[in-house]
Amino acid sequence: MKTKYHQIALSLVLALSAVSSVNARGIEPPPAMTTQSPTSLEQIIAIALSNDASRAQLIAQSNATLSSGQAKATLMDPTIKLGVGGMPVDSFRLDQDPMSNISLGVMQKFDRGDTIELQQTQAEQQAEVVLQQADSRAQDITTTVTALWLELGYNQKVNALLNKQKQWLEQLIASLDSNYSLGLSESQDVISAQLKLSQLEQKLVSNQQMQAKISAQLSEWLGSNWLEQTNQILASNQLHWDNLESLLTQAKDAQARYQLLLKHPTIKAIDSSLASAETQVSIAEEAYAPQFGVEVMYAHRQANNMRGEPAPDMVSAYLTMDIPLFTGSKQDKALEAAQYQVGAAKSQRDAWLYRMEAQLSALLSDRQHIQQRITLYTNHLLKQARAQRDAIERGYQTNRAGFSDIVTSSITEISLELERERLITDLNLTNNQIASLVGIYQSADYSLSRR
């Protein structure tokens, strides 16, 4: 009876191990899981950018800043003066006294120095600040959506690998039940296997919860209705980073990486803010220049002159000049404040560059060590786990190992695959952050294809 049972069990194990051997030897999901996603990452990013209200707000604010600045950078409106002069109070007649007249005048003041041109330049610089903030927002969205895509792809792979573990545990429970009914195993072995299966099912539920959470986070830009109408997204935890690899190969030294950071939208926004502050210094310096004005007046007279002839009309023209004599409490303080703003902008720029340089150095270090760990898993740990499982399968065929040993070795191999998938995901997340820092996402032709 025992020999017959072993023959049946051996046939079952050999059939199952042949199938599981193919699946366990590669980390990629079976062909049914590699179906093309109905929506690519590039399309999701494009939808997210078009639906982002904060980015649209910044673009509108940039246009408003430019239009408001252009409105201020114009000459003051001319002043028209209309009235009567020299009118006698006893008769209030304009034809009684030759000095009586009806006058019409126009006055126009001009800004000091090159103030108007400088204000126009400053308006463009301030609008550029907000526009760069919109670009930074777009880059943040790209980075965030890419990270969510990678995490979603990782959780989908985890789900596939956990289901493989579940199949093995179900087979182990079935084998232990058969052995227990034959008196070949203890009840605690069955209970222990059932406990492991329950723990695994809890991980599967947690995995589904995480996938739902990521989908909910994507709905910030894609909308809940869009997610409800779209089929399940088949994401990936690996992307092609050819542009990033090429860029990092060219920028090996610190100075080259520093030049890459200067292209970041945040630094560009600070540069525009610094230029605006420097323009404000020039505007404050123009406040020391005099302000000129012109006034022209035409006076019409209806009375006759002393010879009884019609009195001629009169024209008056004036040039006015506002001279800033007392500058200590006004112009000097305004110039001093503008100079302080320039210093503050420079300090802000330096602080951001120091912070970003430190972040980039840390990310590059993480990237290098994660690559080393992935190589260790691929070339050693997984190969050793597969060799151990193959040896146990051969031992089972010669009655030197039990079916539980095969299950244990297969689950160990899958666990190592899970750990490597986590490292692969972390590597891609690190590349994602590096790409954001060095300006990969600012290129119009960047591509993040699935692997």
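It should be noted that the structure appears before, not after, this text.
As the structure is a prediction and not an experimental result, all values here were calculated from the model.

Novice: Just checking my understanding: could you explain the pairing of strand 2 (residues 101-109) for this structure?
Specialist: Walk down a regular strand and you will see the side chains alternate between the two sheet faces. In terms of strand pairing, strand 1 (residues 79-85) meets strand 2 through seven bridges, oriented antiparallel. Paired with V84 across the bridge in strand 2 is I102. Direction of pairing for strand 2 relative to strand 3 (residues 291-300): antiparallel, over a ladder of eight bridges. The residue bridging S103 from the neighbouring strand is A299, located in strand 3.

Novice: It is not clear to me how the nonpolar core should be interpreted in this structure. Could you clarify?
Specialist: For soluble globular proteins, the rule of thumb is that nonpolar side chains tend to be buried together. Core analysis: the biggest nonpolar cluster contains 40 residues, and V145, W149, L244, L360, I434, V438 and I440 have the highest contact counts within it. Of all the elements in the fold, those that place two or more residues in this core are helix 2 (41-51), helix 4 (115-181), helix 5 (187-222), helix 7 (242-250), helix 8 (254-261), helix 10 (331-397) and helix 11 (403-438). In terms of residues, this core owes the most to one element, helix 4, which gives seven residues. With residues up to four places along the chain from it excluded, the contact list for V438 reads L244, L247, L260 and L360. Counting residues in each nonpolar core, the second largest holds 23 residues, with V158, L162, W168 and V407 among its members.

Novice: What is the right way to look at the pattern of salt bridges in this model?
Specialist: A side chain of one charge can pair with a side chain of the opposite charge if their charged atoms are brought near each other. Using the criterion set out here, one finds 14 salt bridges in the structure. Taking the shortest distance from any N to any O, the salt bridge between K157 and E421 comes out at 3.7 Å. You can see K157 sitting in helix 4 and its partner E421 sitting in helix 11, a full 264 residues away along the chain. E393 is paired through a salt bridge with R389; the nearest N and O atoms lie 3.1 Å apart. On the criterion of helical spacing, the pair formed by E393 and R389 is a turn pair, its members being four residues apart in helix 10. Of the residues examined, R389 reaches a relative accessible area of 0% and is grouped as buried. Where salt bridges share partners, they join R386, R389, D390, E393 and E413 into one cluster.

Novice: Would you mind going over the packing of helix 8 against helix 10 with me for this structure?
Specialist: Geometry of a packed helix pair, given as the angle between the helix axes and the separation of the axes. Contact geometry for helix 8 and helix 10: axes closest at 10 Å, N-to-C directions at 120°. With respect to their mutual orientation, helix 8 and helix 10 come out oblique. The hand of the helix 8/helix 10 crossing is right-handed. Facing helix 8, whose interface residues are R257, Y258 and L261, helix 10 presents R349, L353, M356, E357, L360 and L364. Partitioning the contact of helix 8 with helix 10 into residue classes produces six nonpolar, no polar and three charged.

Novice: Even after reading the chapter, I still don't get helix 5, so can you show me in this structure?
Specialist: Count 3.6 residues to each turn of an α-helix, and residues three or four apart come out pointing the same way. Between its first and last C-alpha, helix 5 extends 52 Å over 36 residues, near the 52 Å set by a 1.5 Å rise per residue. Count one or two residues on from helix 5 and you reach G223, which has phi positive near 85°.

Novice: It is not clear to me how the packing of aromatic side chains should be interpreted in this structure. Could you clarify?
Specialist: Aromatic rings in a pair are described by how distant their centres are and how their planes are angled relative to each other. This model, assessed by the stated rule, comprises zero aromatic pairs. Looking at R355, its charged tip hangs above the ring of W352, at a distance of 4.8 Å from the centre. Just above the ring of Y154 sits the side chain of R422; from NZ or CZ to the centre is 4.3 Å.

Novice: Help me understand helix 7 in this model?
Specialist: Within helix 7 the residues assigned to the buried category are L244, L247 and L248. Projected down its long axis, helix 7 carries its buried residues within an arc of 95°, all on one side. In helix 7, the exposed positions angled more than 90 degrees off the buried face are occupied by D242 and Q250. In this structure, the buried side of helix 7 is in contact with helix 8, helix 10 and helix 11.

Novice: Would you take a moment to explain the sheet that holds strand 3 for this structure?
Specialist: Note: strands within a sheet are paired through backbone hydrogen bonds, in either parallel or antiparallel orientation. If you trace the four strands from one edge of the open sheet to the other, you get 1-2-3-4, paired in antiparallel fashion. The open sheet is flanked by strand 1 and strand 4 (314-322), the only strands paired with a single partner. Between one strand and the next, the sheet's axes are offset by a mean angle of 20°, whatever the strand orientation.

Novice: What's the story with unusual backbone geometry in this structure? I'm lost.
Specialist: Not every positive phi belongs to a glycine, and F92 is a case in point at roughly 55°. Structurally, the position occupied by F92 is in the loop between strand 1 and strand 2. With a relative accessible area of 57%, F92 lands in the exposed category.

Thresholds, definitions, all that
Residue numbers restart at each chain and count upward from 1, following the sequence in its written direction. The model is predicted, so local features are restricted to residues of pLDDT at least 70 and side-chain atom pairs to those at 80 or more, both for listing and for counting; the totals for chains, interfaces and linings are taken over all residues. Based on all heavy atoms of the structure, the side-chain values leave hydrogens and waters out of the count. Whether two strands pair comes down to DSSP finding at least two bridges between them. Where helices and strands are cited, they refer to DSSP runs of H or I of at least four residues and of E of at least two residues respectively, numbered from the N terminus. Residues belong to one nonpolar core when they are buried, are Ala, Val, Leu, Ile, Met, Phe, Trp, Tyr or Cys, and are joined through side-chain atoms within 4.5 Å. Relative accessible area decides the class of each residue, using a 1.4 Å probe on protein chains only: under 20% of the type maximum gives buried, over 50% gives exposed, and in between gives partly exposed. Throughout, a contact is declared for two residues whenever any of their heavy atoms are within 4.5 Å. Whenever a carboxyl oxygen of Asp or Glu lies within 4 Å of a side-chain nitrogen of Lys or Arg, that contact is scored as a salt bridge. Lines are fitted to the C-alpha atoms to define the axes, a helix being fitted only along its stretch in contact, and any angle between axes, read from their N-to-C directions, falls within 0 to 180 degrees. Any angle between 65 and 115 degrees counts as roughly perpendicular, while under 35 counts as roughly parallel, over 145 as roughly antiparallel, and the rest as oblique. Handedness of a helix crossing follows the sense of rotation of the near helix relative to the far helix, less than a right angle counterclockwise being left-handed and clockwise being right-handed. As a working rule, the residues Ala, Val, Leu, Ile, Met, Phe, Trp, Tyr, Cys and Pro are called nonpolar, Asp, Glu, Lys and Arg charged, and the rest polar, with Gly in that last group. To estimate how far a helix should reach, multiply one less than its number of residues by 1.5 Å. Any Phe, Tyr or Trp ring, taking Trp's six-membered ring, that has another such ring centre within 6.5 Å forms a pair; planes under 30 degrees apart are called stacked, those over 60 apart edge-to-face, and the others tilted. Whether a charge lies above a ring is judged from NZ of Lys or CZ of Arg, which has to be within 6 Å of the ring centre and within 35 degrees of the ring normal. Directions pointing from the helix axis toward each C-beta atom define the arc.

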